[in-house]
Structures are given as structure tokens and as C-alpha cells.
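This is what each chain is made of:
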Amino acid sequence: MPDASLAPTLADPSAIRPRTGSFATLVGSFFLVALFFSAQNVVVRVSRGAAIDWQWDVFHELIYWLTWAGFAPVILAWTRRHRFERGRAAETVARHLALMLVIGPLQILASYGNHLLIGRPLGFVTPDEAAHWFALRKSGIVWGTFAGYLYYWIIVGIALAFSYRAEAARLEDQVAQAQLDTLRSQLEPHFLFNTLNAIGVLIGEAPAQAQRMLLHLSDLLRATLERRGFQEVSLTDELALLDRYLAIQRMRHADRVRVELAVAPGLHRALIPTLLLQPIVENAFRHGLDRNPAGGTISIRANQLDDHLRLEVEDTGPGGLLETGTEPRGEGIGFANTRARLARLYPRRHAFEFRPQPDGGAVVMIDIPYRTGAS
């Protein structure tokens, strides 16, 4: 048995239970164990050329292990109550030893009692045997008591294995959630900084326009804060948030920018990561349309492909490379953050692709599993 002092503290005692969580499944598990040992007994008998003893090779195995199924919930509950935590190892072991000394003989006595109770009407137990039943079982009771001690710790070990697995999964979920929250929090100041820069430019040139832009920014930040705590929102909500951002960009670019939106019917309830589209569209402005004096068009498309949702953001800017001519366009915090969030939310079930277009501009394609709020 591992050193209990090294075992992790279980924040949730209810984690120590089979994942099935049902007594019926627990009984089914012990029934399968009974079938295994029954088959072993039968095969051994046959290999020795001996006759099969149906009472002790099969019937008693079933009774024995199904009786354990009745005692197992007591052991599981005791393990939940007395957990192996740092600083309490000796106390916990002592409490388990106390219960073990009780369970061991009780289980084997109950097994023989059930054997007698059920076996007599079935013809397995004769009246003469029944009169001296437990006296005839002395050696079996001694053997069964010590075997019960061993099985007690096997059940405890299995319970702890389930608990540690559940705890590890819970901790992994917390780490993943913290990482997603961090990634999302990086987007907000990044976007805020860029927008405030744009407002700063307008303050000197067009104060009234700058004031309206501040109001749009206020609405956008309020909507963003309302989504805190949500990693996914409906496509409708995400597009509504994006529209607030586009209102700011339209003020900056006046008539130089056109936005085309094409969402296939029935997709408005599809779930997507919150703030997914904004950094992609921002990239289209920053490295695309902002570098094109004539402006251009940004197309946002959403379609369903089998069990995936495909999102595309295409612009008619210069496309290709950054000003240095050496780095792929857009590999800044927006794209890097988006890649990391998708990898966390949909591991091995997503795609993120950036493609410069031959005639200028670029398209970003994102595939994620198609789900709706109802599902």
C-alpha cells in the first residue's frame, strides 16, 4: 500500500466512488468476478479429469462474491469518511484496520449463511448438513476471514484509484479553465489598447467622432464584461459583440470598409468561443485594410460541414507577409491566443488555417465541433 502521507488531499469526499455511482453496476461487477472464479474452478476440475462440483465450484462462488457486493458499499462509505490525507495516515490506517477486522469474519459468515439459506431449498444442502452447517465450515471460515482481509484492502485500493483519477481530472479541468481565462484576459487589454490608440488619433482631428467612438467602446466593454465566466457563446451573441467592434472601425475608416456577413440558416444558436472573431477581424484591419488606401471588404462566413462549424474571415487587403517580408502575416498575440484557446477547448477536433490569397488579401478558416446551446 502506498505511503498515505504522499497521497493527495481529496477536496471532495464523494469522489471516492465508482464512476457508475449505482449499486446495480456494483453488483454486476462482483457478478462478473464470480463468473471468472467459477469458470476457473470448472476448468481446473476438467483439466484434472474430476467431476464438476456445481455447489462449491459455481454456486458458492456466486454467493461469496455477491455477498461481497453487499459489504462493498460499507467499505466505500468508510473510505469516503476516513480519507488518506497528509498528517492523518496513522489514524486512517488504524480506522481501516478496525473495520477490516470486523468485515473479514462477518463477510465469510454471511456467505455461508446465504449459501445455507438459498442452497437448502435448491437441494444443495441436505438436512443433516444444515444441522451442523457452520461446524463443518470451520476451516473455510478461517480461510475466508484472512482472504477477506486481503479483499478489504483491494476494495479500498480500487476506491482510492477512482478517487485519485476523479481528483486528477478535476484538477486538470481547473488548470485548463485557468489557462483559458488567462488567454481570454489577454485579448481584452490588447483590443482596448488598439482602440484607445485609434480614439487618440481622432481626438485632435474630430473630437465629436472621438466622443461617439468612446460611447461605442463603452458598450463593447460592457458587453464583454457580461460574458465573463463563459468560454462559449452563441454565434448570434458573438456577432452582436463583433458588430459593436465594427461600429468603431467604421467610424475610423468611414466609407473605405465594407463588411459582408453570410451565415447559413439555422446556425445562429451554434456555440463558439467568446471573442473568437474579434481578433481575427482586427488582424484583417491591421494587416489588411489599414495598409490599403482604397480600403476593401471583409467577408465573414459561417457554414456547417457535417458535425463541424466552419467560420471564415476574408479580407481584400494586400495579404501575404508583414512589412518585414519574413514573418507570416498575423502571427501576433491575436492569432497565437486564438490557436491556444482552440487547442484547449477542442483538442484534436479543430482546425485553424491562414491562407494568403493569390490576388491579394487573406482568409482565415476555423473549424470547430458543431454544438448548440440546447445540446
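These figures come from a predicted structure and were not determined experimentally. (Residues numbered from 1 in each chain as written. Predicted model: local features only at pLDDT ≥ 70, side-chain atom pairs only at ≥ 80, totals over all residues. Heavy atoms only, no water.)

Draft legend 1. A look at the side chain of Glu-312. By the secondary structure assignment, Glu-312 is in strand 5 (residues 308–315). Look at Glu-312 and you get buried, because its relative accessible area is 14%. Look past the residues within four positions of Glu-312 in its chain and what remains in contact with it is Ser-299, Ile-300, Arg-301, Arg-355, Val-363, Val-364 and Met-365. (Helix = DSSP H or I, 4+ residues; strand = E, 2+ residues; numbered from the N terminus. Buried < 20%, exposed > 50% of the residue type's maximum accessible area, 1.4 Å probe, protein only. Contact = heavy atoms within 4.5 Å.)

Draft legend 2. The arrangement of the packing of helix 7 (residues 207–226) against helix 8 (residues 235–253) in detail. Two elements in contact, helix 7 and helix 8, have axes whose closest approach is 9 Å; the angle formed by their N-to-C orientations is 165 degrees. If you check the angle between helix 7 and helix 8, you find them roughly antiparallel. Seen along the crossing, helix 7 lies across helix 8 with a hand that is left-handed. Contact with helix 7, carried on its side by Gln-209, Arg-212, Met-213, His-216, Leu-217, Asp-219, Leu-220, Ala-223 and Thr-224, involves Leu-241, Arg-244, Tyr-245, Ala-247, Ile-248, Met-251 and Arg-252 of helix 8 and no other residues of that element. The class makeup of the residues in the contact of helix 7 with helix 8 is 9 nonpolar, 3 polar and 4 charged. (Axes fitted to C-alpha atoms, helices over the stretch in contact; angles between N-to-C directions. Parallel < 35°, antiparallel > 145°, perpendicular 65-115°, else oblique. Left-handed = near helix turned anticlockwise from the far one by under 90°. Nonpolar A, V, L, I, M, F, W, Y, C, P; charged D, E, K, R; others polar.)

Draft legend 3. Local environment of the sheet that holds strand 4 (residues 296–305). Read from one edge of the open sheet, 5 strands run 2-4-5-7-6, paired in mixed fashion. Looking at the sheet topology across the chains shown, the edges are occupied by strand 2 (257–263) and strand 6 (351–356). Sheet twist, expressed as the mean angle between neighbouring strand axes with direction ignored, is 10 degrees. Looking at chain direction, strand 5 and strand 7 (residues 362–369) are connected through 8 bridges and run antiparallel. By the bridge assignment for strand 7, Arg-310 is matched with Asp-367. Of the strands in this sheet, strand 2, strand 4 and strand 5 are in contact with helix 8, which crosses strand 2 at around 170 degrees. Packing of helix 9 (residues 277–287) onto the sheet brings it into contact with strand 2, strand 4, strand 5, strand 6 and strand 7, and relative to strand 5 it is tilted by some 20 degrees. (Pairing = 2+ DSSP bridges.)

Draft legend 4. Geometry of the nonpolar core. Core analysis: the largest hydrophobic core is formed by 44 residues, its most contacted members being Leu-242, Ile-272, Val-281, Phe-285, Ile-298, Leu-311 and Ile-366. It is helix 8 that contributes the most residues to this core, 8 residues altogether. Beyond its immediate sequence surroundings of up to four residues, Ile-298 is in contact with Arg-258, Val-259, Glu-260, Val-281, Ala-284, Phe-285, Leu-289, Val-313, Glu-314 and Asp-315. Within the second largest apolar cluster, 30 residues are counted, among which are Tyr-112, Tyr-151, Tyr-152 and Ala-159. (Core = buried A, V, L, I, M, F, W, Y, C linked by side-chain atoms within 4.5 Å.)

Draft legend 5. How the structure looks around the packing of helix 8 against helix 9. Between helix 8 and helix 9, the shortest axis-to-axis distance is 10 Å and the interhelical angle comes to 20 degrees. In terms of axis orientation, helix 8 runs roughly parallel to helix 9. Two packed elements cross with a definite hand, and for helix 8 against helix 9 that hand is right-handed. Contacts between helix 8 and helix 9 involve Glu-238, Leu-239, Leu-242, Tyr-245, Leu-246, Gln-249 and His-253 on the former and, on the latter, Leu-277, Gln-278, Val-281, Glu-282 and Phe-285. Of the residues belonging to the contact of helix 8 with helix 9, the class tally is 7 nonpolar, 3 polar and 2 charged.

Draft legend 6. Inspection of the packing of aromatic side chains at higher detail. Scanning all chains against the criterion turns up 14 aromatic pairs. Plain terms: the ring middles of Tyr-64 and Trp-65 are 5.1 Å apart, the flat faces sit at 85 degrees to each other, and that makes the pair edge-to-face. Of the two residues, Tyr-64 and Trp-65, neither departs from the other in class, the shared state being buried. Between Tyr-152 and Trp-153, the ring centres sit 5.5 Å apart and the planes meet at 85 degrees, which makes this aromatic pair edge-to-face. We classify Trp-153 as partly exposed; its relative accessible area is 23%. The rings of Phe-36, Phe-37, Tyr-64, Trp-65, Trp-68 and Tyr-151 are connected pair by pair, giving a single aromatic cluster. (Phe/Tyr/Trp six-rings, centres within 6.5 Å; stacked < 30°, edge-to-face > 60°.)

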